[in-house]
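Secondary and tertiary structure notes
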Amino acid sequence: MIMLEPHSFAHGRWIAPGANAKTIASPVTGAAIARAGGSDLDFGAMVSHAVQTGGPALRAMTFHQRAKMLKALAVYLDTRKEGLYAINPLTGATRRDGGIDIDGGIITMMVIASKGRREMPDGHVYIDGDIEQTSRKGTFLAQHIATPLQGVAVHINAFNFPVWGMLEKLAPTLLAGVPAIVKPATQTCFLTEACLRMMIESGLLPEGAIQLIVGGTGDLLDRLGAQDVVAFTGSADTALMLRSNPHIMRNSTRFTAEQDSLNASILGPDAAPGTPEFDLFIKQAASEMTVKAGQKCTAIRRMIVPQAQLDTVSEALTERLRKTTIGDPADDPRMGALVSAGQKADVLEKAAMIGIEAEQILDASAFDLPDGPGFVAPMLFRCNDPDAAQNIHAVEAFGPVSTLLPYRDTAHAAELANRGQGSLVASLITHDPQVAREVTLASAAWHGRLYISDRDSMAEGTGHGSPLPHLVHGGPGRAGGGEELGGVRGVLHYMQRTAIQGSPDVLTAITGQWVPGATEKPAPQHPFQRTFREIEIGETITTDPREVTLADIEHFAHFTGDTFYAHMDDDAAKANPFFPGRVAHGYLLLSFAAGLFVQPDPGPVLANTGLNSLSFQKPVSPGDKITVRLTAKRKTQRTDDYGEVAWNVTLYNQDADQVAQYELLTMVSYER
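A quick note: this is a predicted structure, and the numbers were derived from the prediction, not measured. (Residues numbered from 1 in each chain as written. Predicted model: local features only at pLDDT ≥ 70, side-chain atom pairs only at ≥ 80, totals over all residues. Heavy atoms only, no water.)

Next up on the list: empty space enclosed by the protein. In total, this model carries 4 cavities of 30 Å³ or more according to the counting rule given. Computed from the structure, the largest cavity encloses a volume of approximately 70 Å³. Taken together, 13 residues line the largest cavity, and the ones lying closest to its centre are Thr91, Ala93, Asn160, Lys292 and Gln295. Its residues assigned to classes, the lining of the largest cavity comprises 6 nonpolar, 5 polar and 2 charged. (1 Å grid on protein atoms, 1.4 Å probe; cavity = no way out; pocket = protein on both sides within 12 Å on 5 of 7 lines; lining within 4 Å. Points joined across faces, edges and corners; volume = space filled by probe spheres on them. Nonpolar A, V, L, I, M, F, W, Y, C, P; charged D, E, K, R; others polar.)

Written out as structure tokens, the structure reads:
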């Protein structure tokens, strides 16, 4: 077999392993498969290259441009992923396991790119929340914004997901506009390097956006400052060592950790044998123990079941686990190998500690276990006294190891789950919504994610152990106290939230979004006759007034069927504290507003696609006259042919009192 030699990628060039490179052994055969690290990297030059070259290039792009770049990268990787699958077995993982890592990473990048296009502006400043009215007349306002940090993100990743672990951190980082230095675990770094090499070869990334360290980090952390970020995945001991770096603490360098996690799964008291929920629990438990040979930060380590079902669950789960085939990942067994002989030794040591407090009810004697340095069999334990146990709630064997724990009632089940002192995920299998509520209220504070499933949702459920890019991945306490992913939330970890204060014109200039009170520009022609590129932010028209008559109100009521008393019964309306008497329907006012500001001729406006933040401030009585002000608030490119224009629409009465306001969305062509 050809010896792999994963290279580092620093300040724009590939650097081969050095004379002191570490030899990586196959977890399947024990043979040498790669040489990695040992090269003399200039970490100062790497940081400078990221900060001085990569950062400015990324920040010059808008959020949407960066999102398009991420999507193109994901598509590029997807067309070349078989090259990654070809070397995936060298990590000890099956193709099925590799799908979670390789395809999972690509899909995560796709989702983050999509979130960037849909939920972030086509600009350089992210607006966080609404305008704060900090002055009586509205001449001095405040707005929270987020802008990219001007440093570098250092990603230190674990061995178990060499592709997903990189891409799930990288996608939000690059979308934020921050360059990254990626440091994978050495044991599986060859797969990370192969993926990163593809990204560099794509030509889609600006220079300095990504660098790669194969081997140790040297004095890298000593070179980080207040604008930098460290995102770590691994053991709690390593996380403590890294976050205790004096430079990290002195400079308040952002540090997020995703670490050890004694995740739990609870079988609801209603999920008796013969129910779909019982079968689902057994299936999920067996899967979470064997996928990636249990080397998942989200794997189930403690299975909490009703006392009355302990024997039945033990029998059903051991029977299912016995069917697990274990072998060379290239032969497509159910379970492959642990990543290394060292990892196997660690798992066996931790399992022995669990065995002090629990009875092992499934061991290697039940399996045809291959020879090889990384192979272990699923190990299932049963603890009859979980309240007295200590190790079971404190020791994680990072492999196919789990323990069954009996509970008395739902409060006790939640208490046992919480004894893990913080997890990435806990799951609950129940068909009783009240049980779901009780467990959530009792334990949500200790878990980053609660996965609740039953017969109604199981067909579409994503699974206990599947972090989704849409949802927060992280957990309190033992799990590290950090967060990753979560859609745009994950992007904001690499940005600085700043409160800006100033006049409406100042806030408009900074955010690129028109703020009420800012300068309005007279439209040279009706804005619905202007293309997306011609429309300017702040462009405004004010309509002629229209009187709202009693006949209008009654016609609208009978035509729509909305004969609510406030529109039809004067005495009843006057008895209502909100109305002076009969008033116009809010939706009648919206219809009249559209009739006042719409230009009916064909033009660049293609469609009205939405209405946001509608509010009615003052009732309109028969005889009142309404006027509409339409202002171009925000522009967002959507496709190659058209973009979205958001309009601020405000309705006034004859006394210039504001009676309603909303945001109108229209799709507008780039060309006439």
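Moving on from the coordinates now.
For the rest of this paragraph, the subject is the state of the cysteines. This structure, assessed with the given rule, holds 0 disulfides. The thiol sulfur of cysteine 189 is not disulfide-bonded, and the nearest other cysteine sulfur, from cysteine 195, lies at 13 Å. (Disulfide = S-S within 2.5 Å.)

Core analysis: the largest hydrophobic core is formed by 62 residues, its most contacted members being Leu167, Leu170, Leu174, Met199 and Ile210. Leucine 170 has contacts with His155, Ala180, Val182, Met199 and Ile210, leaving out every residue within four places of it along the chain. (Core = buried A, V, L, I, M, F, W, Y, C linked by side-chain atoms within 4.5 Å. Buried < 20%, exposed > 50% of the residue type's maximum accessible area, 1.4 Å probe, protein only. Contact = heavy atoms within 4.5 Å.)

On the basis of which strands lie adjacent, the open sheet formed by 7 strands has the order E15-E16-E17-E14-E13-E18-E19 and mixed pairing. A strand with exactly one partner marks an edge of an open sheet, and here the two such strands are strand E15 (359-362) and strand E19 (450-453). Recorded for the sheet is a direction-independent mean angle of 25° between the axes of neighbouring strands. The sheet contact formed by strand E18 (residues 426-429) and E19 spans 4 bridges and is parallel. Counted as the bridge partner of serine 427 is tyrosine 451 from E19. Packing of helix H9 (residues 276-290) onto the sheet brings it into contact with strand E13 (264-267), strand E14 (302-306), strand E16 (379-382), strand E17 (401-407), E18 and E19, and relative to E13 it is tilted by some 160°. Seen against the sheet, helix H13 (residues 433-443) touches E13, E18 and E19 and runs at an angle of roughly 170° to E19. (Pairing = 2+ DSSP bridges. Helix = DSSP H or I, 4+ residues; strand = E, 2+ residues; numbered from the N terminus. Axes fitted to C-alpha atoms, helices over the stretch in contact; angles between N-to-C directions.)

What follows covers helix H11 (residues 341-355). Here H11 spans 21 Å end to end across 15 residues, near enough to the 21 Å set by a 1.5 Å rise per residue. Residues of H11 that are buried: Gln343, Val347, Ala351 and Ile354. Projection of H11 onto a plane perpendicular to its axis shows the buried side chains occupying an angular sector of 70°, all on one side. Residues of H11 that are buried in the fold lie against E16 and E17. (Expected span 1.5 Å × (residues − 1). Arc of directions from axis to C-beta.)

Its 17 residues place the ends of helix H1 (residues 43-59) 22 Å apart at the C-alpha level, agreeing with the 24 Å of an ideal helix rising 1.5 Å per residue. Where H1 bends most, at alanine 50, the angle is about 30°. Looking at H1, one finds that the buried residues are Phe43, Gly44, Met46, Val47, His49, Ala50, Gly54, Gly55 and Leu58. Residues of H1 that are buried in the fold lie against strand E1 (8-10), helix H2 (63-80), helix H5 (164-176), strand E9 (180-183) and strand E10 (210-212). (Bend = angle between axes of the 7 residues up to and from the residue.)

The next subject is the packing of helix H16 (residues 550-560) against helix H19 (residues 586-597). At a minimum axis distance of 10 Å, the contact between H16 and H19 shows a crossing angle of 110°. Here H16 lies roughly perpendicular to H19, going by the angle between them. Side by side, H16 and H19 meet where Asp552, Ile553 and Phe556 of the first sit next to Tyr587, Leu588, Ser591 and Phe592 of the second. A class-by-class count of the residues in the contact of H16 with H19 yields 5 nonpolar, 1 polar and 1 charged. (Parallel < 35°, antiparallel > 145°, perpendicular 65-115°, else oblique.)

Let's shift gears to the layout of surface pockets. Approximately 980 Å³ is the volume found for the largest pocket. Taken together, 36 residues make up the lining of the largest pocket; nearest its centre are Asp130, Gln513, Lys633, Arg634 and Glu663. When its residues are assigned to classes, the lining of the largest pocket shows 11 nonpolar, 14 polar and 11 charged.

Turning next to unusual backbone geometry. With the exception of glycine, most residues fall at negative phi, and the peptide bonds are largely trans. Even without being glycine, lysine 292 reaches a positive phi, approximately 55°. Residue lysine 292 is classed as buried on the basis of its relative accessible area of 7%. Despite not being glycine, leucine 485 has its phi angle at roughly 55°, a positive value. Mapped onto the fold, leucine 485 is located in strand E21 (residues 483-485).

A side chain with one charge can pair with a side chain of the opposite charge if their charged atoms come near. Applying the stated criterion across every chain, the model contains 27 salt bridges. The salt bridge partner of glutamate 554 is arginine 582, with a shortest N-O separation of 3.0 Å. Of this pair, glutamate 554 sits in helix H16 while arginine 582 sits in the loop between helix H18 (570-575) and H19, placing them 28 residues apart in sequence. One salt bridge in this structure joins lysine 574 and aspartate 570, with 3.1 Å as the shortest N-O distance. Here lysine 574 and its partner aspartate 570 are both found in helix H18, 4 residues apart, which amounts to about one turn of the helix. The class of aspartate 570 is partly exposed, set by a relative accessible area of 29%. If you follow the salt bridges from partner to partner, you end up with Asp78, Lys81 and Asp103 in one network. (Salt bridge = Lys/Arg side-chain N within 4 Å of Asp/Glu carboxyl O.)

Another aspect to go through is the side chain of lysine 183. Inspection of the secondary structure puts lysine 183 in strand E9. No salt bridge is formed by the buried lysine 183; its nearest oppositely charged neighbour, aspartate 219, is found at 14 Å. From its side chain, lysine 183 meets the backbone oxygen of glycine 215 in a polar contact 3.2 Å long. (Lys, Arg positive; Asp, Glu negative; His and termini not counted. Polar contact = N/O pair within 3.5 Å; in protein donor to acceptor, adjacent residues only side chain to side chain.)

Okay, the environment of proline 179 next. You can see proline 179 is positioned in the loop between H5 and E9. Exposure remark for proline 179: the relative accessible area of 0% places this residue in the buried category. Linking proline 179 and proline 56, residues 123 residues apart in sequence, is a C-alpha distance of 9.2 Å. Once you skip the residues sitting within four places of it in the chain, proline 179 turns out to touch Ala50, Gly54, Gly55, Leu58, Gly151, Val152, Ala153, Thr173, Gly208 and Ala209.

Moving on: the packing of aromatic side chains. Evaluated as defined, the whole model comprises 8 aromatic pairs. Seen in terms of ring centroids, phenylalanine 532 and tyrosine 670 are 5.3 Å apart; in terms of plane orientation they differ by 65°. Their pairing is edge-to-face. Linking phenylalanine 532 in the loop between strand E23 (521-522) and strand E24 (539-542) with tyrosine 670 in the segment after strand E29 (658-669), this pair joins segments that are 138 residues apart in sequence. Taking relative accessible area as the criterion, phenylalanine 532 reaches 6% and is therefore assigned buried. Taken together, the aromatic side chains of Phe528, Phe597 and Trp647 make up a single cluster linked through ring pairs. We note arginine 546 situated over the ring of phenylalanine 592; from NZ or CZ to the ring centre the distance is 3.6 Å. Positioned over the ring face of phenylalanine 532 is lysine 635, at 4.8 Å from the centre of the ring. (Phe/Tyr/Trp six-rings, centres within 6.5 Å; stacked < 30°, edge-to-face > 60°. Lys NZ or Arg CZ within 6 Å of the ring centre and 35° of its normal.)

Any functional reading would require information that these geometric values do not contain.
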